[in-house]
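Single-letter residue listing:
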Amino acid sequence: MKQIQDKRKETLQDALQLFQQSSDFVMHDLSIASKGFHIAYFQTLIDTDRLNKDILPFITESESQTLEEIVRNIPIQAKEIIKSPNDLREKVMQGFIVIFEGGNQSKCAVVEVALDSGREVAPSENEFTVNGPQESFIESIDTNINLIRKRLPLPQLKIKEMKLGKMTQTRVSLLYIEGIVDKENLKTLEQRLSDIEFDQVIDSNSLAQMISDNQMSVFPQMINTQRPERVAAAIAEGKVAFLADGSPEAIFGPTTLVEFFSSLEDYYMSWHISSSVRLLRFFAVAFSVFATPVYVAVLTFHYELIPRDLLSTIIASRSNIPFPPIIEAIFLELTIELLREAGARLPTKVGQTIGIVGGIVIGQASVEAGLTSNILLIIVALAALASFTTPVYQMGNTIRLIRFPILIAAAFTGGVGIAFFALVTIAHLLQLKSLGRPYFEPIFPPRFTDWKDAFVRLPFNWMSTRPVYLRPRDKGRFNFSRASKKHDIDE
């Protein structure tokens with residue numbers, strides 16, 4: 001009870017005294033007319049140039065007698081007078097300066113002079129495209145919202161802001177288009193974000209994990225992207241997106257499995273080329289997952305499936321290998337993963353050198369030392385190369401991971417183990433959901449109207465409706481019959 005009473009008696013001066021325990025918090029006396037005013041701030045959070053140019057001259061030269069008149073004269077929009085210690089703590093930590101009268105502890109003025117130390121908008125490094133816009137998100141949430149609003153200049157584009165994280169108080173903005181988004185999808189995402197109770201929220205990807213339908217699943221259930229045009233396109237379809245301050249990525253959903261294999265560049269090329277490339281990605285993913293396990297299963301249990309001409313070549317390549325195929329395959333797979341991880345953690349130029357030179361040297365040395373066969377080396381290298389075709393990095397990590405349990409299953413039970421693991425994976429995908437919507441759509445439940453932009457990308461004039469699984473309030477994009485007509489100008 002005593003602690004509650006002390007908390008109720010807390011004043012603005014008590015909050016300032018708490019700040020003074022930090023060495024970067026400064027407080028100055030200002031001589032204004034006949035009253036003693038003070039200014040306080042964290043020097044590591046504010047822009048001192050703006051303070052000296054835009055604020056101090058209007059304070060020291062003012063003949064005002066009240067705090068309200070001083071605030072009125074300062075030519076900065078973000079300013080107010082507050083009376084709550086909680087509001088004071090929040091504003092000071094956001095880069096506001098505090099102006100208060102020495103003998104008056106009931107109120108003070110706060111003015112925003114935050115230091116903008118973020119980077120400028122630059123091309124994306126994780127989602128590079130040859131065609132199309134090159135802008136990407138940065139760590140400033142206001143700049144990221146600006147990039148989206150430039151592409152969707154609509155009053156119906158709504159933004160709801162909340163603060164998450166007990167310690168970080170991170171700004172999180174929810175974006176959707178009123179009149180298109182399904183209210184149930186919006187309410188689900190908003191409720192899951194507001195229910196988060198965690199002390200620190202640093203990145204939007206951590207939020208995506210916290211609100212996912214099945215946190216035990218290895219498959220990502222929401223798409224992260226650094227491209228503002230992809231977020232704008234998702235919102236226009238009826239999805240809901242959110243941004244976190246300090247994170248250069250946006251998250252949107254609900255989503256489906258096939259969307260993770262769709263690239264922005266698919267919509268910048270003709271539908272024939274886009275469809276061919278998208279089918280190639282699906283084949284590459286299947287090859288990356290099953291190529292090495294099939295090799296191990298065939299050599300261990302089903303060698304009669306190998307053609308006679310190829311069998312002699314495989315026997316010759318494995319004649320000096322002292323290990324069974326599973327040991328040989330795991331050695332090469334782990335080597336590839338080590339090279340990939342080392343290349344990602346090292347500086348860009350060094351990482352590329354390590355990946356290329358390390359792969360060539362280690363691969364050649366392992367074959368000459370009799371640790372691996374040259375045929376398996378080719379298969380593992382092609383499988384690793386195929387895994388890079390996934391446009392979304394998170395799904396690429398999933399593909400890298402699920403190869404290992406399939407490989408172990410193939411070593412112990414052969415083709416039966418591969419088939420069993422494939423069926424278990426499909427069963428898991430069938431029950432998986434994204435914000436309560438089916439993850440395996442349009443395969444199951446079968447919705448043929450959504451196949452127009454699933455495994456292939458049909459012409460734009462065929463995509464006159466928004467995806468069915470999103471349940472958009474406005475289903476139509478344009479008039480199909482009118483768009484199909486081509487009019488020529490009579491000469």
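For the structure given in this document, a descriptive report is provided here. (Residues numbered from 1 in each chain as written. Predicted model: local features only at pLDDT ≥ 70, side-chain atom pairs only at ≥ 80, totals over all residues. Heavy atoms only, no water.)

## So, the overall build of the chain
Stated formally: Helix and strand labels come from DSSP, where a helix needs a run of H or I of at least four residues and a strand needs a run of E of at least two; each type is numbered from the N terminus. Here the globule rule is a power law, 2.2 Å times the number of residues to the power 0.38, and the radius of gyration is based on C-alpha atoms. For each residue, the accessible area found with a 1.4 Å probe, counting protein chains only, is set against the maximum for its type, and the residue is called buried under 20%, exposed over 50%, and partly exposed in between. In what follows, residue pairs with any heavy atoms lying within 4.5 Å of each other are defined as contacts. Per-residue and other accessible areas were derived by the Shrake-Rupley procedure at a 1.4 Å probe size, with only the shown protein chains allowed to occlude residues.
The secondary structure content of the chain amounts to 17 helices and 12 strands. Here the C-alpha radius of gyration of the chain, 30 Å, is well above what a compact globule of 491 residues would show, namely 23 Å. Expressed as lengths along the three principal axes of its C-alpha atoms, the size of the chain is roughly 105 × 70 × 55 Å. Evaluated residue by residue, the chain yields a buried proportion of 44% over its 491 residues. Considering only contacts in the chain between residues 6 or more positions apart, those separated by 24 or more positions represent 65%. Summed over its atoms, the accessible surface of the chain is roughly 26,200 Å², and 59% of this surface lies on carbon and sulfur atoms.

## As for empty space enclosed by the protein
Applied cut-off: Within this scheme a cavity is a closed region of a 1 Å grid, computed over the protein atoms alone, that accommodates a 1.4 Å probe without allowing it to escape, whereas a pocket is open but has protein on both sides within 12 Å along at least five of seven lines; lining residues each have an atom within 4 Å of a point. Grid points are joined across faces, edges and corners, and a volume is the space filled by probe spheres set on the points. Residues are grouped as follows: nonpolar covers Ala, Val, Leu, Ile, Met, Phe, Trp, Tyr, Cys and Pro; charged covers Asp, Glu, Lys and Arg; every other residue, Gly included, is treated as polar.
Counted under the stated rule, the structure contains one cavity of 30 Å³ or more. Taken as a whole, the largest cavity holds about 30 Å³ of empty space. Every residue lining the largest cavity is listed: Leu-12, Gln-13, Leu-16, Phe-100, Asn-104, Gln-105, Lys-107 and Cys-108. Looking at the lining of the largest cavity element by element, the count peaks at three residues for helix α2 (residues 12-19). Here the residues of the lining of the largest cavity sort into four nonpolar, three polar and one charged.

## What to know about the packing of aromatic side chains
Under the convention used in this document: Under the pairing criterion, centres of Phe, Tyr and Trp rings, with the six-membered ring standing for Trp, must be within 6.5 Å; the plane angle then separates stacked pairs below 30 degrees from edge-to-face pairs above 60, leaving the rest tilted.
In this structure the tally under the stated criterion is eight aromatic pairs. Pairing Phe-19 with Phe-25 gives two aromatic rings, centres 5.4 Å apart and planes at 40°, and the pair type is tilted. Phe-25 sits in the buried class, given a relative accessible area of 7%. For the pair Phe-261 and Phe-282, a centre-to-centre distance of 5.0 Å together with 45° between the ring planes defines the contact as tilted. Of this pair, Phe-261 sits in the loop between β10 (250-253) and α10 (271-300) while Phe-282 sits in helix α10; the two residues are 21 residues apart in sequence, bridging distant segments of the chain.

## Examining the nonpolar core
What counts is decided by this rule: Residues grouped as a nonpolar core are buried Ala, Val, Leu, Ile, Met, Phe, Trp, Tyr and Cys residues, joined through side-chain atoms within 4.5 Å.
Counting 40 residues, the largest nonpolar core has Ile-148, Ile-235, Leu-243, Leu-257, Phe-261, Met-395 and Tyr-439 as its most contacted members. Those elements that place two or more of their residues in this core are α6 (141-151), β7 (170-177), α9 (228-237), β9 (240-244), β10, α10, α15 (393-413) and α16 (415-431). The residues touching Phe-261, leaving out its near neighbours within four places in the chain, are Asp-266, Arg-278, Arg-281, Phe-282, Val-285, Thr-390, Pro-391, Met-395 and Ile-399. Of all hydrophobic cores here, the second largest spans 20 residues; its members include Met-162, Val-172, Val-181 and Val-240.

## With respect to unusual backbone geometry
The peptide bond linking Gly-253 to Pro-254 adopts the cis configuration, its omega dihedral lying at -5°. Relative to the assigned elements, Pro-254 resides in the loop between β10 and α10. Pro-442 follows Glu-441 through a cis peptide bond whose omega is 10°. Within the secondary structure, Pro-442 sits in the loop between β12 (437-438) and α17 (480-484).

## A few points about the sheet that holds strand β8 (residues 223-225)
Threshold: A pair of strands is treated as paired once DSSP finds two or more bridges between them. To define axes, lines are fitted to C-alpha atoms, for helices over the stretch in contact only, and angles between the resulting N-to-C directions are given on a 0 to 180 degree scale.
Judged by pairing direction, the sheet is antiparallel, and its five strands sit side by side in the order β6-β7-β9-β10-β8 without closing on themselves. Looking at strand neighbours, the two that pair on one side only are β6 (157-164) and β8, the edges of this open sheet. On average, adjacent strands in this sheet sit at an angle of 25° to one another, irrespective of strand direction. Where β9 meets β10, four bridges bridge the pair, whose relative direction is antiparallel. The partner of Leu-243 across the bridge, within β10, is Ala-250. Its contacts with the sheet place helix α8 (residues 204-211) against β6, β7, β8, β9 and β10, and it is angled at close to 130° to β9.

## Focus on a nonpolar patch on the surface
Basically, it comes down to this: By definition, no residue in a patch forms a salt bridge, and every one has over 30% relative accessible area; like charges are joined within 9 Å, nonpolar side chains (Val, Leu, Ile, Met, Phe, Trp, Tyr) within 5 Å. A carboxyl oxygen of Asp or Glu within 4 Å of a side-chain nitrogen of Lys or Arg is what we treat as a salt bridge.
A cluster of nonpolar side chains, Leu-423, Ile-426, Leu-430, Ile-443, Phe-444, Phe-448 and Trp-451, forms an exposed patch at the surface whose accessible area comes to about 710 Å². Owing to a relative accessible area of 67%, Phe-448 belongs among the exposed residues under this scheme.

## So, helix α12 (residues 325-345)
Here is the rule we go by: Here a helix's expected span is defined as the number of its residues, less one, multiplied by 1.5 Å.
Under the 1.5 Å per step criterion, the end-to-end length of α12 is 30 Å for 21 residues, consistent within 8% with the ideal 30 Å. Buried within α12 are the following residues: Pro-325, Ile-326, Glu-328, Ala-329, Leu-332, Glu-333, Thr-335, Glu-337, Leu-339 and Arg-340.

## Overview of the pairing of β6
As defined by bridge partners, β6 adjoins β7 across eight bridges and the pair is classed as antiparallel. Bridge pairing in β7 places Leu-164 opposite Thr-170. Connecting β6 to the next strand, β7, in antiparallel fashion are five residues, including Gly-165 with a positive phi near 100°.

## Regarding the side chain of Ser-288
Just so we agree on the cut-off: As used in this structure description, the phrase polar contact means that two N or O atoms lie within 3.5 Å; if the pair is within protein, one of them must be able to donate a hydrogen and the other to accept it, and residues adjacent in sequence are counted only when both atoms belong to side chains.
The residue Ser-288 is located in helix α10 in this model. Of the polar contacts made by the side chain of Ser-288, one reaches the side chain of Arg-403; its length is 3.1 Å. Sequence-distant contacts of Ser-288, defined by excluding residues within four places in its chain, comprise Ala-383, Ala-386, Ser-387, Ile-399 and Arg-403.

## Remarks on the layout of surface pockets
Quantified by volume, the second largest pocket comes out at close to 1,200 Å³. Lining the second largest pocket are 35 residues, and of these Met-93, Gln-94, Ala-114, Arg-171 and Asp-245 lie nearest its centre. Among the secondary structure elements, those contributing two or more residues to the lining of the second largest pocket are α5 (85-93), α6 and β7. When residues of the lining of the second largest pocket are assigned to their parent elements, the largest contribution, four residues, is made by α5. A class-by-class count of the residues in the lining of the second largest pocket yields 11 nonpolar, 11 polar and 13 charged.

## What to know about helix α14 (residues 374-387)
Note the cut-off: The arc in question is the one spanned by the directions pointing from the helix axis to the C-beta atoms.
The terminal C-alpha atoms of α14, which comprises 14 residues, lie 20 Å apart, in line with the 20 Å expected from a rise of 1.5 Å per residue. Here α14 has its buried residues at Leu-376, Ile-379, Val-380, Ala-383, Ala-384, Ala-386 and Ser-387. The arc that holds every buried residue of α14, seen down its axis, measures 160°, which confines them to one face. Buried-residue contacts for α14 involve α10, α12 and α15.

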